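Structure assessment
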Amino acid sequence: MKLVKHIANLGYGSRRQVEWMFREGRITDAAGEVLYADDKVAHEAIRVDGEPLDPAPGLLLMLHKPVGYTCSTRDAGRLVYDLLPPRFRARSPIVSPVGRLDRDTSGLLLMTDDGALLHRIISPKSSLPKVYEATLAADLRGDEAELFASGALVLESEKTPLLPAQLEALSPRQARLTLHEGRYHQVRRMFAAVGNHVVALHRSRIGGLELGGLEAGKWRLLEADDLAHLFASA
Ligand code: URA
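Residues numbered from 1 in each chain as written. Predicted model: local features only at pLDDT ≥ 70, side-chain atom pairs only at ≥ 80, totals over all residues. Heavy atoms only, no water.

So, on to the nonpolar core. Nonpolar side chains tend toward joint burial in soluble globular proteins. If you look at the biggest cluster of nonpolar residues, it comprises 33 residues, and the most contacted ones within it are M111, F148, L177, M190 and F191. Of all the elements in the fold, those that place two or more residues in this core are β4 (60-65), β6 (105-112), β7 (130-136), β9 (174-179), α6 (186-193) and β10 (198-206). Formed jointly, this core draws a minimum of three residues from each of two domains, domain 2 (60-124 + 208-232) and domain 3 (130-206). If near-sequence neighbours (up to four positions away) are discounted, F148 is found in contact with L153, L163, P164, A165, L167, L177, M190, F191 and V194. In this structure, L117, L209, L222 and F231 belong to the second largest nonpolar core, which totals 16 residues. (Core = buried A, V, L, I, M, F, W, Y, C linked by side-chain atoms within 4.5 Å. Buried < 20%, exposed > 50% of the residue type's maximum accessible area, 1.4 Å probe, protein only. Helix = DSSP H or I, 4+ residues; strand = E, 2+ residues; numbered from the N terminus. Domains from an automatic or database assignment. Contact = heavy atoms within 4.5 Å.)

Below you can see the structure in the form of structure tokens.
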């Protein structure tokens with residue numbers, strides 16, 4: 001791919017703006033030599049204003065999503081993109097959430113610009129477990145684990161029963177729930193189906209990947225060994 005297109009696709013500006021950046025000598029190699037738009041240079045060797053380029057296409061990151069942020073590119077309120085470098089929203093292809101978390105849900109959110117990887121992660125074939133911790137408005141009744149594991153629960157306005165899910169009671173109003181699919185507002189609707197209400201929801205794990213010590217609002221790029229962890233539990 002031509003350098004101008006490559007750098008424009010990373011969100012540094014329109015092609016015209018990137019052409020200007022070349023003319024202004026702002027794009028150099030690692031030794032500070034000015035590059036020209038028709039040079040052939042590896043991604044890793046390029047500097048803009050002396051800084052290495054953002055990650056090459058094919059990035060995967062984890063974000064510790066705080067409550068109050070929406071997984072959307074446009075919404076009146078706070079967006080998960082506000083927590084990432086502004087260029088990530090301007091990339092082509094854009095860095096998109098891998099599945100969604102509700103505005104009021106916190107926890108592990110994956111984001112990628114790699115469509116094939118995104119589909120592999122959310123595909124029913126991969127069936128990656130997703131682990132949630134829910135705080136409930138009322139005490140657990142005691143029969144929820146059996147019902148959720150039955151594979152027979154049909155949510156309101158749906159026809160297909162849910163796949164078996166595993167519930168572990170952590171306290172009378174705290175539960176850990178492991179899902180193997182991702183339907184709309186699934187955790188909240190499952191507890192609504194047993195007459196309860198989720199007052200707080202946090203996703204702690206996808207596949208074999210956990211947030212580790214990542215604080216709310218922070219993100220980090222994932223490497224090959226993280227990807228191995230992600231798919232390890234499948
Ligand atoms: N289930 C929900 O109800 N909300 C989420 O954000 C994720 C799963």
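So, on to the sheet that holds strand β1 (residues 27-29). Pairing in this open sheet of 3 strands is antiparallel, and the strands run β1-β2-β3 from one edge to the other. Lying at the two open borders of the sheet, with one neighbouring strand each, are β1 and β3 (51-52). Relative to strand β2 (residues 46-48), β1 runs antiparallel, the two sharing 3 bridges. Looking at the pairing, I27 lines up with V48 of β2. (Pairing = 2+ DSSP bridges.)

Taken across its 7 residues, β7 has 6 buried, putting it largely inside the fold. Where β7 and β9 come together, 6 bridges link them in antiparallel fashion. Paired with E133 across the strands is R176, a residue of β9. Looking at chain direction, β7 and β10 are connected through 7 bridges and run antiparallel. Among the inter-strand pairings, Y132 is bridged to a residue of β10, identified as R203.

We now examine the pairing of β9. Where strand β8 (residues 166-171) and β9 come together, 5 bridges link them in antiparallel fashion. Considered in β9, the bridge of Q166 is made with T178. In sequence, β8 turns back onto β9 through a hairpin of 2 residues.

What follows concerns the pattern of salt bridges. The tally for this structure, following the rule as stated, stands at 15 salt bridges. Across the salt bridge formed by D113 and R91, the nearest N and O atoms sit 3.1 Å from each other. With D113 in the loop between β6 and α4 (115-122) and R91 in the loop between α3 (87-90) and β5 (96-97), this residue pair connects regions lying 22 residues apart in the sequence. Here R141 ties to D143 by a salt bridge, and the two come within 3.0 Å at their closest N and O atoms. Taken together, the shared-partner salt bridges connect E158, E181, R183 and R189 into one network. (Salt bridge = Lys/Arg side-chain N within 4 Å of Asp/Glu carboxyl O.)

Before going further, it helps to examine the layout of surface pockets. Taken as a whole, the largest pocket holds about 650 Å³ of empty space. Lining of the largest pocket is provided by 31 residues; of these, G99, R100, Y132, G182 and R183 occupy positions nearest its centre. Looking at the lining of the largest pocket, the elements with two or more residues in it are β6, α4, β7, α6 and β10. Split into classes, the residues belonging to the lining of the largest pocket amount to 14 nonpolar, 9 polar and 8 charged. Two domains share the lining of the largest pocket, each providing at least three of its residues, namely domain 2 (60-124 + 208-232) and domain 3 (130-206). Within this model, the second largest pocket holds a volume of roughly 160 Å³. Taken together, M1, K2, L3, H6, A37, D38, D39, K40, V41, H43 and I46 make up the full set of residues lining the second largest pocket. (1 Å grid on protein atoms, 1.4 Å probe; cavity = no way out; pocket = protein on both sides within 12 Å on 5 of 7 lines; lining within 4 Å. Points joined across faces, edges and corners; volume = space filled by probe spheres on them. Nonpolar A, V, L, I, M, F, W, Y, C, P; charged D, E, K, R; others polar.)

Within the structure, the ligand sits among L101, D102, T105, Y132, H185, Q186, V187, R188 and L201. With respect to the ligand, the side chain of T105 contributes an N or O atom lying 2.9 Å from an oxygen atom. Note that a nitrogen atom of the ligand is positioned 3.1 Å from one of the backbone N or O atoms of V187. Summarising the interface, the protein chains cover 96% of the accessible area of the ligand, which totals 240 Å² for the free molecule. (Near = heavy atom within 4 Å. Polar contact = N/O pair within 3.5 Å; in protein donor to acceptor, adjacent residues only side chain to side chain. Areas by Shrake-Rupley, 256 points an atom, 1.4 Å probe, with all protein chains shown as cover.)

Treat this as a map of the structure, not an account of what it does.
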